[in-house]
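Commentary on secondary and tertiary structure
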Amino acid sequence: MKKLLGITLALASLGITGVASETKAVELTRSNVTMEANAAPQWQHDRGRRNDNRRARTVRQTRVVRQGRHVYRETYLVTYFGNGRSNSKLISRVRIS
């Protein structure tokens, strides 16, 4: 649809200006090629970004932590996203000794 609109506008501008010289015709075709090359990647970029959050993996991890004289077992819920980010949330902290 965009190609058809671009060709129609190019032909209309040639008809309005009358007989165009060869240099103007060459410049006109260069501008059409640039416009078509810039129009294509817009939707592809958004589609890739949208799927990043769907590929998330959630894992439960525990670790032993010492704070002063006390020892605690902390349980975390870690979510790994497809774009490389991670999110951790403390679920529980139990005193061992």
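No experiment lies behind these values; they were computed from the predicted model shown.

This part covers the pattern of salt bridges. Pairs can form between side chains of opposite charge once their charged atoms are near each other. A complete count under the given rule lists two salt bridges for this structure. Residue glutamate 74 is joined to arginine 63 by a salt bridge in which the shortest nitrogen-to-oxygen separation is 3.4 Å. Placement of the pair is glutamate 74 in strand β2 (residues 70-80) and arginine 63 in strand β1 (residues 57-67), with a sequence separation of 11 residues. Judged by relative accessible area, which is 3%, glutamate 74 ranks as buried. Between glutamate 74 and arginine 93 there is a salt bridge, with the nearest N and O atoms lying 3.0 Å from each other. Within this pair, whereas glutamate 74 is found in strand β2, its partner arginine 93 is found in strand β3 (residues 86-95), the two being separated by 19 residues in sequence.

Detailed reading of the predicted model is not advised wherever pLDDT is low. Per-residue confidence for the protein chain gives a mean pLDDT of 75, with 58% of residues at or over 70. Mean pLDDT values for the elements of the protein chain range from 55 in helix α3 (residues 41-50) up to 95 in β2.

The three strands lie next to each other as β1-β2-β3, forming an open sheet whose pairing is antiparallel. Looking at strand neighbours, the two that pair on one side only are β1 and β3, the edges of this open sheet. Pairs of neighbouring strands in the sheet enclose a mean axial angle of 25 degrees, with direction left out of account. Two strands pair when backbone bridges link them, and β2 and β3 are joined in this way by nine bridges, in the antiparallel orientation. The residue of β3 that forms the bridge with tyrosine 80 is serine 86.

About the criteria used
The residue numbering used here restarts from 1 in each chain and proceeds along that chain's sequence as written. Owing to the predicted nature of the model, reporting of local features is limited to residues with pLDDT of at least 70; listing and counting of side-chain atom pairs is limited to 80 or more, with chain, interface and lining totals taken over all residues. Processing note: side-chain calculations cover all non-hydrogen atoms of the structure and skip hydrogens and water entirely. Salt-bridge detection follows one rule: a side-chain nitrogen of Lys or Arg within 4 Å of a carboxyl oxygen of Asp or Glu. Secondary structure elements follow DSSP: runs of H or I of four or more residues count as helices, runs of E of two or more count as strands, with numbering from the N terminus. Buried means the residue's accessible area, taken with a 1.4 Å probe over protein chains only, is under 20% of the maximum for its type, while exposed means over 50%, and partly exposed covers the values in between. Per-residue confidence from the predictor is given as pLDDT, running between 0 and 100. In short, DSSP must find at least two bridges between two strands for them to pair. Every angle, taken between N-to-C directions, lies between 0 and 180 degrees, and every axis is a line fitted to C-alpha atoms, over only the stretch in contact when it is a helix.

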